[in-house]
Amino acid sequence: MTSRSGPARGLRAAALALLLAAPQAPLLGACAAQTSQLEQGRALRTGNPPYDEFFEAARALREESLKAEEHAGAARAELARALGLDPGAAGDAAALEVTRARAADLRASGVALHVELVPEARLVSARGGRALGAEDRSLIEAIEACLKSSLAASKRLGELSMRAVELEKKRAALAAESTKALADDPRRRQVKREIEAAEQVLAESGALADRHAGKASKLVLDLVLAVDTGAGAAPARRSAASRAPARPSAPGAKAPSRRGSGAGAAPKPPPPRGGDDFDP
């Protein structure tokens, strides 16, 4: 009896497993079929220009947003390498800490750093009798390159986020008119599903671009705080872009006379002390 009951129980268990799995197979197939082409990185072709243009624009946006971290991280990698850190292991906090320490060493030896972000990012150094070595120049160039790359990434990804907003407006308009526009289209159900799926794709793409744009902007701010000595602490000259404009005289006020100047030109000011501005 025992020898017969063993195989019987095995057969019953196998039959029960088949019965339980059978209802699930259509459900799993239906779930797989519901994945939109946009979510798979493809654009649906309908033959209807407004819809085809939208799907292609949404696909391109999704693809570009997936590279947002790569765009924002390229500048960090270059800075890490210049600092002697492993680009893959060093985070922003570690790179900023080393940058801050190196900038403090330069400041202690008489080299003041000043960041200018307009019209383009650059790092200016004023030397107080100390020559910059090759390692110092490499550091300054790496910081400047990181500032430029981060600002460019922030701008590019910010524009990407705005594109997601504009495409969502277009998606909503196409969805509203789809019933009438696609009334005779045999693929209208598939088009409708793609339009609905595009809402989530655009939202995720815009959020991804926006998040990394914010990280790139924060890196610029952190670098400025880490290395900038401040305009008042620069030891010699300040660059023309950072000089304060001359204050206009009060109406009716006379300019002070120069004793012994006559009609000749004003005497030349003495040359400034310290080194020249450094523009890597």
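Keep in mind it's a predicted model, so treat the numbers as computed, not measured.

So, how was this worked out
Residue positions within a chain follow its written sequence, with the count starting from 1. Since the coordinates come from a predicted model, pLDDT governs what is reported: local features require at least 70, and pairs of side-chain atoms require 80 or more to be given and counted, while whole-chain, interface and lining totals use all residues. Hydrogens and waters are ignored; side-chain quantities use all the structure's heavy atoms. In DSSP terms, a helix is any run of H or I states spanning at least four residues, a strand is any run of E spanning at least two, and both are numbered starting from the N terminus. The rule is simple: take the accessible area with a 1.4 Å probe, protein chains only, and divide by the maximum for that residue type; under 20% is buried, over 50% is exposed, in between is partly exposed. When checking whether two residues touch, look at their non-hydrogen atoms; a contact exists if any pair is within 4.5 Å. We get accessible surface area from the Shrake-Rupley algorithm with a probe of 1.4 Å; when it comes to residues, only the shown protein chains can shield them. Residues enter patches when they are more than 30% accessible in relative terms and free of salt bridges; like-charged ones are connected within 9 Å and nonpolar ones (Val, Leu, Ile, Met, Phe, Trp, Tyr) within 5 Å. The working definition used for a salt bridge is a side-chain nitrogen of Lys or Arg within 4 Å of a carboxyl oxygen of Asp or Glu. Interaxial angle, 0 to 180 degrees, is taken between N-to-C directions of lines fitted to C-alpha atoms, where a helix line uses only the stretch in contact. By the definition adopted for this analysis, an angle is roughly parallel if under 35 degrees, roughly antiparallel if over 145, roughly perpendicular if from 65 to 115, and oblique otherwise. Values of pLDDT, which run from 0 to 100, indicate the predictor's confidence residue by residue. Given the number of residues in a helix, its expected span is that number minus one, multiplied by 1.5 Å. Axes are fitted to the seven residues ending at a residue and to the seven starting at it; the angle between these axes is taken as the bend at that residue. Cavities and pockets were defined on a 1 Å grid built from protein atoms only: a cavity is a group of points that admits a 1.4 Å probe but offers it no way out, a pocket is an open group of points flanked by protein on both sides within 12 Å along at least five of seven lines, and a lining residue is one with an atom within 4 Å of any such point. Grid points are joined across faces, edges and corners, and a volume is the space filled by probe spheres set on the points. Polarity classes work like this: nonpolar for Ala, Val, Leu, Ile, Met, Phe, Trp, Tyr, Cys and Pro, charged for Asp, Glu, Lys and Arg, and polar for all others, with Gly in that last group. Crossing handedness is read from the near helix: turned anticlockwise from the far helix by less than a right angle, it gives a left-handed crossing, and turned clockwise, a right-handed one. Note that the arc is defined by the directions from the helix axis to the C-beta atoms.

Focus: the overall build of the protein chain
Counting its secondary structure elements, the protein chain contains 7 helices and 3 strands. Counted from the first residue to the last, the protein chain has its helices and strands arranged as α-α-α-α-α-β-β-α-α-β. Of all 280 residues assigned to the protein chain, the portion counted as buried reaches 31%. Relative to all contacts within the protein chain whose residues are 6 or more apart in sequence, the contacts with residues 24 or more apart total 73%. For the protein chain, the accessible area works out to roughly 17500 Å², and carbon and sulfur atoms hold 56% of it.

Describing a nonpolar patch on the surface
A cluster of nonpolar residues, Leu117, Val118 and Leu151, forms a patch on the protein surface that exposes about 240 Å² of accessible area. Position of Leu117 among the secondary structure elements: in the loop between β1 (111–116) and β2 (122–127).

A few points about the packing of helix α4 (residues 68–82) against helix α6 (residues 134–181)
Between α4 and α6, whose axes approach to 9 Å, the crossing angle comes to 175°. Relative to α6, α4 is oriented roughly antiparallel. Packed against α4, whose contacting residues are Ala68, His71, Ala72, Ala75, Arg76, Leu79 and Ala82, the element α6 presents Ala142, Ile143, Cys146, Ser149, Ser150, Ala153, Arg156 and Leu157 at the interface.

Quick look at the confidence of the model for the protein chain
Confidence along the protein chain averages 75 in pLDDT terms, with 68% of residues attaining 70 or more. Confidence over residues 18–32 falls short of pLDDT 50; this stretch has 0 contacts with residues more than four positions distant or in other chains. Contacts of residues 231–280 to residues separated by more than four positions or lying in other chains number 47 contacts, the stretch itself having pLDDT below 50.

As for α6
Its 48 residues place the ends of α6 66 Å apart at the C-alpha level, agreeing with the 70 Å of an ideal helix rising 1.5 Å per residue. The principal kink in α6, of about 30°, is found at Ala175.

Focus: the layout of surface pockets
Quantified by volume, the largest pocket comes out at close to 200 Å³. Taken together, Ala175, Ser178, Thr179, Leu182, Arg188, Arg189, Lys192, Ile195 and Glu196 make up the lining of the largest pocket. Going through the elements one at a time, α6 and α7 (188–227) are the ones with two or more residues in the lining of the largest pocket. Looking at the lining of the largest pocket element by element, the count peaks at 5 residues for α7. Partitioned by chemical class, the residues of the lining of the largest pocket number 3 nonpolar, 2 polar and 4 charged.

So, the packing of helix α5 (residues 92–108) against α7
Direction vectors running N to C along α5 and α7 enclose 30°, while the axes themselves pass 8 Å from each other. By the angle class used here, α5 and α7 are roughly parallel. Crossing angle aside, the handedness with which α5 passes α7 is right-handed. Of the residues in α7, those in contact with Leu96, Thr99, Arg100, Ala103 and Arg107 of α5 are Leu219, Asp222, Leu223, Ala226 and Val227. Across the contact of α5 with α7, the residue classes break down as 6 nonpolar, 1 polar and 3 charged.

Section: α5
Relative to the 24 Å expected for 17 residues at 1.5 Å per residue, α5 spans 24 Å between its end C-alpha atoms, a close match to the ideal helical length. The complete set of buried residues in α5 reads Ala95, Leu96, Thr99, Arg102, Ala103 and Leu106. With its buried residues spanning 130° around the axis, α5 presents them on a single face. In α5, the exposed residues that point more than 90 degrees away from the buried face are Ala93, Asp105 and Ala108.

Description of the environment of Ala216
The topology assignment puts Ala216 in helix α7. As for Ala216 and Leu157, which are separated by 59 residues in sequence, their C-alpha atoms are 9.2 Å apart. Residues within four places of Ala216 in sequence aside, it is in contact with Arg76, Ser150, Ala153 and Ser154.

A closer look at unusual backbone geometry
Cis peptide bonds are those with omega within 30 degrees of zero, and the linkage from Val118 to Pro119 qualifies with 0°. Among the structural elements, Pro119 can be located in the loop between β1 and β2.

Observations concerning the pattern of salt bridges
In total, this model carries 14 salt bridges according to the counting rule given. Here Arg45 makes a salt bridge to Glu56, at a shortest N to O gap of 3.4 Å. With Arg45 in the loop between α2 (24–33) and α3 (49–65) and Glu56 in helix α3, this pair connects stretches of sequence that are 11 residues apart. Exposure remark for Glu56: the relative accessible area of 24% places this residue in the partly exposed category. Ionic pairing is found between Lys148 and Glu144, a salt bridge with its closest N-O pair at 3.9 Å. Of this pair, Lys148 and Glu144 are both found in helix α6, 4 residues apart, which corresponds to roughly one turn of the helix.

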